[in-house]
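Notes for the structure review
Letter by letter, the chains look like this.
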Amino acid sequence: MAADAPARPGPNPARIATFAAVPIALVAGVAAFWALGGFPSSPDTSPVPAEAPQLEPTPAAVCRALVARLPQELGGLHRRQVTAGGEQNAAFGDPPIVLSCGGAAPAVPADAQLLGLSDVCWYPEEQSGRTVWHTIDRQIPLSVVVPKAADGSWLVNLSPSIVATIPAAPTGDLHC
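Heads up: these notes are all about the structure in this document.

The rules we used
- Residues numbered from 1 in each chain as written.
- Predicted model: local features only at pLDDT ≥ 70, side-chain atom pairs only at ≥ 80, totals over all residues.
- Heavy atoms only, no water.
- Salt bridge = Lys/Arg side-chain N within 4 Å of Asp/Glu carboxyl O.
- Helix = DSSP H or I, 4+ residues; strand = E, 2+ residues; numbered from the N terminus.
- Buried < 20%, exposed > 50% of the residue type's maximum accessible area, 1.4 Å probe, protein only.
- Disulfide = S-S within 2.5 Å.
- Contact = heavy atoms within 4.5 Å.
- Axes fitted to C-alpha atoms, helices over the stretch in contact; angles between N-to-C directions.
- Left-handed = near helix turned anticlockwise from the far one by under 90°.
- Nonpolar A, V, L, I, M, F, W, Y, C, P; charged D, E, K, R; others polar.

1. Let's talk about the pattern of salt bridges
- Within the structure shown, the criterion is met by two salt bridges.
- Close ionic contact of Glu126 with Lys148 constitutes a salt bridge, the shortest N to O distance being 2.3 Å. You can see Glu126 sitting in strand 6 (residues 120–127) and its partner Lys148 sitting in the loop between strand 8 (142–147) and helix 3 (154–165), a full 22 residues away along the chain.
- You can call Glu126 exposed: its relative accessible area is 53%.
- On the accessibility criterion, Lys148 (46% relative accessible area) is partly exposed.

2. Things to note about the state of the cysteines
- Counting across every chain of the model gives two disulfides.
- Two residues share a disulfide in this structure: Cys63 and Cys101, whose sulfurs sit 2.0 Å from each other. The sign of the S-S torsion, about -80 degrees, decides the handedness of the disulfide formed by Cys63 and Cys101: left-handed. Taken together, the residues span a long stretch of sequence, with Cys63 in helix 2 (residues 57–69) and Cys101 in strand 4 (residues 97–101) at a distance of 38 residues. The same class applies to Cys63 and to Cys101, which are both buried.
- In this model Cys121 forms its disulfide with Cys176; the gap between the sulfur atoms is 1.7 Å. Across the S-S bond linking Cys121 and Cys176, the dihedral sits near 100 degrees, which makes this disulfide right-handed.

3. Topic: the environment of Ser118
- For Ser118, the position within the fold is in the loop between strand 5 (115–117) and strand 6.
- In the structure, Ser118 is positioned 40 residues away from Leu158 in sequence and 9.1 Å away in space, judged by C-alpha atoms.
- Not counting the four nearest positions on each side in its chain, Ser118 is found in contact with Val156, Ser159 and Val163.

4. Side note on the packing of helix 2 against helix 3
- At their nearest, the axes of helix 2 and helix 3 sit 9 Å apart, and the two run at 145 degrees to each other. When you trace helix 2 past helix 3, the crossing you get is right-handed. Side by side, helix 2 and helix 3 meet where Val62, Ala65, Leu66 and Arg69 of the first sit next to Pro160, Ser161, Ile162, Ala164 and Thr165 of the second.
- The residue inventory of the contact of helix 2 with helix 3, partitioned by class, reads six nonpolar, two polar and one charged.

5. Things to note about unusual backbone geometry
- Backbone torsion omega between Asp94 and Pro95 reads 0 degrees, so that peptide bond is classified as cis.
- When you line up the elements, Pro95 lands in the loop between strand 3 (89–92) and strand 4.
- Even without glycine at this site, Asp119 takes up a positive phi of about 70 degrees.
- Tracing the chain through its elements places Asp119 in the loop between strand 5 and strand 6.
- Its relative accessible area of 64% is what places Asp119 among the exposed residues.

Have a look at this one:
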């Protein structure tokens, strides 16, 4: 070897570290992205299952007026079709919040916790994975099924339409 030949540089430690760190960072970033939900899936827009009991003429007319008055969007949740009773049922969002008008009034225990929200008195009934909110101060009974993933604050957005279309009724011994 000649004495005046330039020394060949060895591997650059910074370059080696960069080549190792970049793939590791990419894998970690992709894993974190997927762990946090990844790309949002499109919301379900299929019709929501609903029951439609036969209503007498007066409740049917009141329910039609209520459903027609409901907004197309409920606090950012878009309105969806229902499988039955589009004139007495409405659904919003995914998982759906479902309003049903004119069904049977629930049996409300005397010691039930009642909540007055925007001039409507509600009885919340906890069920597996959801809460069913029943009006107790309206001439035509209403129920709103709210999945556990949501909260009852959606009821406030429904109250103006309810108050404007369904007359109030006495609550007897129950007080909001």
